[in-house]
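The primary structure of each chain is shown beneath.
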Amino acid sequence: LRMAKYKGDIALGEYKAVMLASLRSLVKDWASLHEVSWSWLWENVERMLKKLMGRPAKQEASLAALLGSLDETSLMTIRREVYARFFALAPAGQDYFKQ
């Protein structure tokens, strides 16, 4: 969502180069297999991000319309379900929300 609101060009290729340099310095046993694996992962992430560019604004408008059409009881049910599902998938998230 943050990238969707950014005004300007996003150089995803530059991010790959910076991350590779950072990973090389952080991982002591960095080898060519790591390089190939990270490059493969980032190329797939980059492809998916480019495919989604421009969509969040449209999706945000649709979501706002949907949520605006629901009554308070339905909204509370959705909130409970979202948090229950989130904490089931990422239990460490509970620590963040306890602050």
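Analysis parameters
- Every chain begins its residue count from 1, and numbering advances along the sequence as written.
- Two thresholds apply to this predicted model, a pLDDT of at least 70 for residue-level local features and 80 or more for giving and counting side-chain atom pairs, whereas whole-chain, interface and lining totals are computed over all residues.
- With hydrogens and water stripped out, all remaining heavy atoms of the structure feed into the side-chain values.
- Patch members must show over 30% relative accessible area and no salt bridge, and they are joined within 9 Å when carrying like charges or within 5 Å when they are nonpolar side chains of Val, Leu, Ile, Met, Phe, Trp or Tyr.
- Computed with a 1.4 Å probe, the accessible areas rest on the Shrake-Rupley method; for each residue, only the protein chains presented here act as cover.
- A side-chain nitrogen of Lys or Arg and a carboxyl oxygen of Asp or Glu constitute a salt bridge if their distance falls within 4 Å.
- Working convention for charge: Lys and Arg count positive, Asp and Glu count negative, and His plus the chain ends are omitted.
- Think of each charge as sitting on NZ of Lys, CZ of Arg, CG of Asp or CD of Glu.
- Runs of E in the DSSP output that reach at least two residues are strands. Runs of H or I that reach at least four are helices, and both are numbered from the N terminus.
- A 1.4 Å probe rolled over the protein chains alone gives each residue an accessible area, and that area as a share of the maximum for its type sets the label: buried under 20%, exposed over 50%, partly exposed in between.
- Expected span, for any helix, means 1.5 Å times one less than how many residues it has.
- Any two residues whose heavy atoms approach within 4.5 Å at even a single point are treated as in contact.

(A) Just a positive patch on the surface, in detail. Among the surface-exposed residues, Arg47, Lys51, Arg55 and Lys58 lie close enough to one another that they form a single positively charged patch. Looking at the positive patch, the elements with two or more residues in it are helix H3 (32–52) and helix H4 (55–68). Positionally, Lys58 belongs in helix H4. Residue class for Lys58 comes out exposed when judged on its relative accessible area of 61%.

(B) Representation of H3 within the structure. Between its first and last C-alpha, H3 extends 30 Å over 21 residues, near the 30 Å set by a 1.5 Å rise per residue. All buried positions along H3 are accounted for by Trp38, Ser39, Trp42, Asn44 and Glu46. Against the buried residues of H3 lie helix H2 (12–26).

(C) The arrangement of the side chain of Ser39 in detail. Inspection of the secondary structure puts Ser39 in helix H3. Its relative accessible area of 15% is what places Ser39 among the buried residues.

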